[in-house]
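Descriptive analysis of the structure
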Amino acid sequence: NAGVMQNPRHLVRRRGQEARLRCSPMKGHSHVYWYRQLPEEGLKFMVYLQKENIIDESGMPKERFSAEFPKEGPSILRIQQVVRGDSAAYFCASKEVSETQYFGPGTRLLVL
Amino acid sequence: EDQVTQSPEALRLQEGESSSLNCSYTVSGLRGLFWYRQDPGKGPEFLFTLYSAGEEKEKERLKATLTKKESFLHITAPKPEDSATYLCAVQAGSGGYNKLIFGAGTRLAVHP
């Protein structure tokens, strides 16, 4: 059973460009979470989605950031007009009935 | 405000030297406490979930315990392959039940 998959694993963008991060949850999981890990800091919750719905986006900046989890296909975290402060590791986690969230390998975003 | 504090920040052990990592938390209505292991450049790997004070769980050389204010991760006779960052996270009951709140982690280095 494949785990949570994320791509790309590494992404380099120049300031002002768009970053698009993808997450495929574990098979059978319909709950997806996105977290951000800044250098030397802990993981911080960004957004929680179920299929076609955003349930909790309290941790996501109001501007430039958006997330979706369509009926078909992976969940997408989109960052528009990236700035250097967006450089971080972005992790996706998924779960089903139990409370345990299983994490993907992350996407490391570097903004030049 | 819900908060998780891990100590020490870093720990260096000799192979076979047992020790404990601490995770103290303040949260309104604990739904669960989670331990993860994170290797450099990878995503968090699930270890344990604890739900109520007095609960204990074991896996190989690791044992996690929970009280009303803190959790301990005991490492017995560690080996170099146990070197990693150990993350503690809580899931709160009131309003924050959708997300995990992480501590900053303990970086463990086990030397032969």
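Coordinates for the structure precede this section.
Notes on the structure in this doc start here. (Residues numbered from 1 in each chain as written. Chains lettered and ligands numbered in written order. Predicted model: local features only at pLDDT ≥ 70, side-chain atom pairs only at ≥ 80, totals over all residues. Heavy atoms only, no water.)

A few words now on the overall build of chain A. From N to C terminus, chain A includes zero helices and 11 strands. Each helix and strand of chain A, placed in order from N terminus to C terminus, yields the pattern β-β-β-β-β-β-β-β-β-β-β. The C-alpha radius of gyration of chain A comes to 13 Å, within 12% of the 13 Å expected for a compact globule of 112 residues. If one aligns the C-alpha atoms of chain A with their principal axes, the spans along those axes are about 40 × 25 × 25 Å. A burial count over chain A gives 47% of its 112 residues as buried. Here the contacts in chain A between residues at least 6 apart in sequence split such that 51% fall between residues at least 24 apart. For chain A, the accessible area works out to roughly 5,700 Å², and carbon and sulfur atoms hold 48% of it. Charged side chains of chain A number 17 positive and 12 negative; the gap between the two group centres comes to 7 Å. (Helix = DSSP H or I, 4+ residues; strand = E, 2+ residues; numbered from the N terminus. Rg over C-alpha atoms; globule rule 2.2 N^0.38 Å. Buried < 20%, exposed > 50% of the residue type's maximum accessible area, 1.4 Å probe, protein only. Contact = heavy atoms within 4.5 Å. Areas by Shrake-Rupley, 256 points an atom, 1.4 Å probe, with all protein chains shown as cover. Lys, Arg positive; Asp, Glu negative; His and termini not counted. Charge placed at Lys NZ, Arg CZ, Asp CG, Glu CD.)

Moving on, we come to the overall build of chain B. Check the secondary structure of chain B and you find zero helices and 11 strands. What you see in chain B, going N to C, is helices and strands ordered as β-β-β-β-β-β-β-β-β-β-β. For chain B, whose C-alpha radius of gyration is 14 Å, the value lies close to the compact-globule estimate of 13 Å for 112 residues. For the C-alpha atoms alone, the extent of chain B along its principal axes is close to 45 × 30 × 20 Å. Here chain B, with 112 residues, has 44% of them falling under the buried criterion. Counting only contacts in chain B whose residues sit at least 6 apart along the sequence, the fraction spanning at least 24 positions is 55%.

This brings us to the pattern of salt bridges. Enumeration over the complete set of coordinates arrives at seven salt bridges over all chains. Close ionic contact of Arg78 of chain A with Glu18 of chain A constitutes a salt bridge, the shortest N to O distance being 2.9 Å. Remark: Glu18 of chain A occurs in the loop between β2 (10–13) and β3 (19–24) and Arg78 of chain A occurs in strand β8 (residues 75–79); sequence separation between them is 60 residues. Look at Arg78 of chain A and you get partly exposed, because its relative accessible area is 28%. The closest approach of N and O atoms between Glu56 of chain B and Lys63 of chain B, which form a salt bridge, is 3.3 Å. The class of Glu56 of chain B is partly exposed, set by a relative accessible area of 48%. The partly exposed category is assigned to Lys63 of chain B, whose relative accessible area is 28%. When salt bridges that share partners are traced, they join Glu18, Arg20 and Arg78 of chain A into one network. (Salt bridge = Lys/Arg side-chain N within 4 Å of Asp/Glu carboxyl O.)

Residues and elements named next belong to chain A. Read across the open sheet, the four strands follow the order β1-β3-β8-β7; overall the sheet is antiparallel. Looking along the sheet, the strands with just one partner apiece sit at the ends: β1 (5–7) and β7 (65–68). With direction set aside, neighbouring strand axes in the sheet form an average angle of 15°. Here β1 pairs with β3 via three bridges, running antiparallel. By the bridge assignment, Met5 is partnered in β3 with Ser24. (Pairing = 2+ DSSP bridges. Axes fitted to C-alpha atoms, helices over the stretch in contact; angles between N-to-C directions.)

With that out of the way, let us pick up the packing of aromatic side chains. As enumerated under the stated definition, the model contains nine aromatic pairs over all chains in all. Pairing Tyr35 of chain A with Phe45 of chain A gives two aromatic rings, centres 6.0 Å apart and planes at 75°, and the pair type is edge-to-face. Within this pair, whereas Tyr35 of chain A is found in strand β4 (residues 31–37), its partner Phe45 of chain A is found in strand β5 (residues 43–50), the two being separated by 10 residues in sequence. The same class applies to Tyr35 of chain A and to Phe45 of chain A, which are both buried. Aromatic rings pair up to connect Tyr35, Phe45, Tyr102 and Phe103 of chain A together with Tyr36, Phe46 and Phe102 of chain B into one cluster. (Phe/Tyr/Trp six-rings, centres within 6.5 Å; stacked < 30°, edge-to-face > 60°.)

This part covers the interface of chain A and chain B. Residue-level contacts link 21 residues of chain A with 20 residues of chain B. Of the roughly 1,600 Å² buried between chain A and chain B on both sides combined, carbon and sulfur atoms contribute 50%. By the criterion of area lost to chain B, the three top residues of chain A are Leu43, Glu99 and Phe103 of chain A, representing 34% of everything that side buries. Our count for the contact surface shared by chain A and chain B stands at six residue pairs in polar contact (both at pLDDT 80 or more). Here the residues of the side of chain A that touches chain B are counted per class, giving 10 nonpolar, six polar and five charged. (Buried area = accessible area lost by both parts, 1.4 Å probe. Polar contact = N/O pair within 3.5 Å; in protein donor to acceptor, adjacent residues only side chain to side chain. Nonpolar A, V, L, I, M, F, W, Y, C, P; charged D, E, K, R; others polar.)

Geometry only, nothing functional implied.
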